[in-house]
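Summary of structural features
Take a look at the letters that make up each chain.
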Amino acid sequence: MKQYLQKYKHAWLALYFLIYLPWFFYLEQRLDIKHIVIETKLDSYIPFCEYFVIPYILWFGYVAWGILYFFFTSKNDYYKCCAFLFIGMTICLIIYTFWPNAQHLRPTHFENNNIFTKLVNMFYTADSSTNVCPSIHCYNSIGIHIAVSKSERLKNRPLIRWTSFILAVSICLSTMFIKQHSAFDVICAVILSCIVYVFVYKIDYAKIIEKIQKKKDLRLN
């Protein structure tokens, strides 16, 4: 048991959800304030398509799979993946807190009555149309795919990499086609992903620390 705990002590990052979940649900229930309505011209050209609820649902498994896969296979990839996800999710919550936003894109009725529209209606009931920009759904999908594409263990697994890419794109599209998000929410999620990507994956912090240490050593000498 001691060896197991030592091997997987990086599970401590899951404590983040003790902060994220209460904060998110508080914002979801904060309906007595004025929200900025997010809508673009592009949204009117995107038709409602209930079949996109499938990739939307797959998001839950996709994100869980990504985190758990790296948790058990690569501590370094796991830390970077979680850093990317948690930094962006926190930024989103800060934006929702100080810039409350919402969308009014959801259809008032469904032309078709099938299992897919019932699933969409279930999400409409469970998830309010507030706190939408940037889209965490899209941001996390991008984050998992970046982690997959950067993984050394998966660099020779084109099927997994392409499946991940197609799924991430499908999930982002699904948020607009089932009218859970505006195109603007998705664009903002992409921009946020690009910014956080630089800080998590492009900056070599080890080299920066090494340079700082060398400067300190030179001063001491």
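Up top you'll find the structure we're talking about.
**Considering the packing of aromatic side chains**
Summed over all chains, the structure comprises 23 aromatic pairs. Centroid distance Phe84 to Tyr139: 4.8 Å. Interplanar angle 10°. Geometry classified as stacked. In this pair, Phe84 sits in helix H5 (residues 75–98) while Tyr139 sits in helix H7 (residues 136–150), placing the two residues 55 residues apart along the sequence. Taking the relative accessible area as the measure of exposure, Phe84 reaches 0% and is therefore buried. Assessed through its relative accessible area of 0%, Tyr139 is described here as buried. Ring centres of Phe84 and Tyr201 lie 6.4 Å apart, and the angle between their planes is 50°; this geometry places the pair in the tilted category. With Phe84 in helix H5 and Tyr201 in helix H9 (residues 183–202), the pair connects residues that are 117 residues apart, well separated along the chain. For the pair Phe84 and Tyr201, one class covers both residues: buried.

**Points about the side chain of Ser174**
As for its position among the elements, Ser174 is in helix H8 (residues 158–177). Those residues within four positions of Ser174 in sequence are excluded, and the remaining contacts are Phe52, Pro55 and Tyr56.

**Quick notes on a nonpolar patch on the surface**
On the surface, Ile187, Ile191, Ile195, Val198, Phe199, Tyr205, Ile208, Ile209 and Ile212 cluster together into a nonpolar patch covering about 830 Å² of accessible area. Counting residues per element, the ones that place at least two in the nonpolar patch are H9 and helix H10 (205–220). The greatest single-element share of the nonpolar patch, amounting to five residues, is contributed by H9. Mapped onto the fold, Ile212 is located in helix H10. Residue Ile212 is classed as partly exposed on the basis of its relative accessible area of 44%.

**Focus: unusual backbone geometry**
Here the bond from Cys133 into Pro134 is cis, since omega is 0°, no more than 30 degrees from zero. Tracing the chain through its elements places Pro134 in the loop between helix H6 (115–126) and H7. Within the chain, Asn131 stands out as a residue other than glycine whose phi angle is a positive 55°. Here Asn131 is to be found in the loop between H6 and H7. A relative accessible area of 6% places Asn131 in the buried class. Positive phi, close to 60°, is recorded for Lys179, a residue that is not glycine. Take Lys179: it is sitting in the loop between H8 and H9. Exposure remark for Lys179: the relative accessible area of 7% places this residue in the buried category.

**Focus on the side chain of Glu28**
Along the chain, Glu28 turns up in helix H2 (residues 17–29). Arg106 is the oppositely charged side chain nearest to the buried, salt-bridge-free Glu28, at an N-O distance of 7.2 Å. Setting aside anything within four residues of it in sequence, one finds Glu28 in contact with Asp127, Ser128, Thr130 and Asn131.

**Examining the nonpolar core**
Counting residues in each nonpolar core, the largest one holds 46 residues, and the members touching the most others are Phe70, Phe84, Leu85 and Ile144. At the level of elements, H2, helix H4 (53–73), H5, H7, H8 and H9 are the ones that each hand at least two residues to this core. For this core, the element with the most residues is H5, which contributes ten residues. When near neighbours in sequence (up to four residues on either side) are disregarded, Leu85 contacts Ile67, Tyr139, Asn140, Gly143 and Ile144. In this structure, Tyr56, Phe123, Tyr124 and Ile178 belong to the second largest nonpolar core, which totals six residues.

**With respect to the pattern of salt bridges**
One pass over the full model with this rule turns up one salt bridge. Across the pair Lys155 and Glu152 runs a salt bridge, and its minimum N-O distance is 3.0 Å. Accessibility expressed as a relative area gives 49% for Lys155, which makes it partly exposed.

**With respect to a positive patch on the surface**
Residues Lys207, Lys211, Lys215, Lys216 and Arg219 make up a contiguous surface patch of positive charge. Summarising the element assignment, Lys216 is placed in helix H10.

About the thresholds
Residues numbered from 1 in each chain as written. Predicted model: local features only at pLDDT ≥ 70, side-chain atom pairs only at ≥ 80, totals over all residues. Heavy atoms only, no water. Phe/Tyr/Trp six-rings, centres within 6.5 Å; stacked < 30°, edge-to-face > 60°. Helix = DSSP H or I, 4+ residues; strand = E, 2+ residues; numbered from the N terminus. Buried < 20%, exposed > 50% of the residue type's maximum accessible area, 1.4 Å probe, protein only. Contact = heavy atoms within 4.5 Å. Patch = residues over 30% accessible without salt bridge, like charges linked within 9 Å, V, L, I, M, F, W, Y side chains within 5 Å. Areas by Shrake-Rupley, 256 points an atom, 1.4 Å probe, with all protein chains shown as cover. Salt bridge = Lys/Arg side-chain N within 4 Å of Asp/Glu carboxyl O. Lys, Arg positive; Asp, Glu negative; His and termini not counted. Core = buried A, V, L, I, M, F, W, Y, C linked by side-chain atoms within 4.5 Å. Charge placed at Lys NZ, Arg CZ, Asp CG, Glu CD.

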